[in-house]
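# Structure assessment
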Amino acid sequence: MSETNGDRLIDGAASNGRFGPARVDARSLGGDNPDSAAVVDVSRTHLLALMVAEAETGIVVVDEFHTVVMFNDRATELGMVRGVLADAIAEGVAEVMSTGADRRFDFSPPHSTLGFVSTGRAVPRPVDTVRCVASLAETNGERFVLVYGDDDSTNQRVEATRRDFAANVSHELKTPLGAISLMAEAMLESRDDPRAVEHFGRRVLKEATRMGSLVNELIGLSKLQDGRVADLIDVDVDALVDDAVAGAGVSAEVADIELVTDVPSHLSVKGDRTLLLTALSNLLVNAINHSPTGDVVSMSRKEVVIDDRAMACIAITDRGIGIEPADQQRVFERFYRVDKARSRATGGTGLGLAIVKHVAASHGGHIGLWSRPGTGSTFSLYIPIEQTPDQSEEQSR
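Nothing here was measured: the structure is a model prediction, and the numbers come from that model.

With that out of the way, let us pick up the overall build of the protein chain. For the protein chain, the helix and strand inventory stands at 14 helices and 17 strands. Every one of the 397 residues in the protein chain was classed for burial, and the buried ones make up 38%. If you take every contact in the protein chain between residues at least 6 apart in sequence, the share linking residues at least 24 apart comes to 64%.

Written out as structure tokens, the structure is:
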């Protein structure tokens, strides 16, 4: 904890506080005898200083001359104090000092790259939003402003994601609903033309099917949010691949795409077969939709070891348009489309890859992506292989 004349403030707060005698176990203070259970007297100043220093909340104390008299390390981590008060904190302090009323406010600290430059390692995710409360305190005739700050970045990100999700769902449902409404009107106006009625009727059916698929995928995605899968069974990887290829056969035939696979791997994983089949089917359909007519989409499987853990890797490769590096981190987001016009033309919902990501995570695995614009893409689904007791014993020898 950093301080100047902070001891005086703590002494005053302790003398006016509602604390009984401060008595703690000697072991908590790191005494010479760790086995001693003797209870010793500890000054309130010591305890209050310890509480401030170890608090998960950033704490800054500013006197009436707007001088920082005390702050803890957490306040520095949150960007509340970095040599001087952050501008937003200083404004809040000035207002509280002049009005005497508490003030609640949020501020975004400037991001620093010093951690990366000095250590050569990636820095933790930055603090985007700090929620602060500034209050006036008086002791021994002196006035101070106490500022408390908490990292509210996660809540802000969740709220932003919720807003984006609601907006995207509304937009995605609005599109087929609007099309169905227009087609229905056209059918009514063409009631005397059987061919027109059939044409518009097929369009209505197509849009209704698309909307149904979107709703079903939203329901399926919501079931994966807790990250757990119940009733895991042994799943044969080769049979899973065969079923996925068979299921995508019609789509491949319509698009004039050849589906090829490698030799059987004889691998088995523990998982939910329906979810794993859905993930592979989504990857195959995605590859087919983004491949030129007459091209090839291949599927391969093998065993790999990642972080000393055996995994089944199922890779789907296309020779299509590829994905720009800027888009590769976002393709697994809900409703994100690299080529919006192409995705709508193929009836995509924008949820397929998001579902794949959640299926992988719910099985303790992950999804990998390699892509180069103009060359194609490879999506790799990694699912852990649960070893049998015999296999574990054999490896330990």
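Relative orientation of the contacting elements helix H10 (residues 273-289) and helix H13 (residues 352-362) amounts to 145°, with a least axis distance of 9 Å. Viewed along their axes, H10 and H13 form a crossing whose handedness is left-handed. Facing Leu275, Leu276, Thr278, Ala279, Asn282, Leu283 and Asn286 of H10, the residues of H13 in contact are Gly352, Leu353, Ile355, Val356 and Val359. Residues belonging to the contact of H10 with H13 are distributed by class as follows: eight nonpolar, four polar and no charged.

Each full turn of the α-helix corresponds to 3.6 residues, which orients residues three or four apart in the same direction. Within helix H8 (residues 237-247), burial applies to Val237, Asp238, Leu240, Val241, Ala244 and Val245. The buried residues of H8 occupy an angular sector of 160° when the element is viewed end-on, so they sit on one face. Among the exposed residues of H8, those pointing more than 90 degrees away from its buried face are Ala246 and Gly247. Its side-chain oxygen at 3.1 Å from the backbone nitrogen of aspartate 238, aspartate 236 defines the N-terminal cap of H8.

The mixed open sheet is built from five strands, whose spatial order is S12-S14-S15-S17-S16. Since the sheet does not close on itself, it has two edges, and those belong to strand S12 (258-261) and strand S16 (366-372), each with one partner. Pairwise comparison of adjacent strand axes, ignoring direction, gives a mean angle of 20° for this sheet. Across four bridges, S12 lies against strand S14 (residues 296-306) in parallel orientation. Bridge pairing in S14 places glutamate 258 opposite valine 296. Its contacts with the sheet put H8 on S12, S14 and strand S15 (309-318), and the angle it makes with S14 is roughly 160°.

Rules used throughout
Residues numbered from 1 in each chain as written. Predicted model: local features only at pLDDT ≥ 70, side-chain atom pairs only at ≥ 80, totals over all residues. Heavy atoms only, no water. Helix = DSSP H or I, 4+ residues; strand = E, 2+ residues; numbered from the N terminus. Buried < 20%, exposed > 50% of the residue type's maximum accessible area, 1.4 Å probe, protein only. Contact = heavy atoms within 4.5 Å. Axes fitted to C-alpha atoms, helices over the stretch in contact; angles between N-to-C directions. Left-handed = near helix turned anticlockwise from the far one by under 90°. Nonpolar A, V, L, I, M, F, W, Y, C, P; charged D, E, K, R; others polar. Arc of directions from axis to C-beta. Polar contact = N/O pair within 3.5 Å; in protein donor to acceptor, adjacent residues only side chain to side chain. Pairing = 2+ DSSP bridges.

These figures come from the coordinates and say nothing about function on their own.
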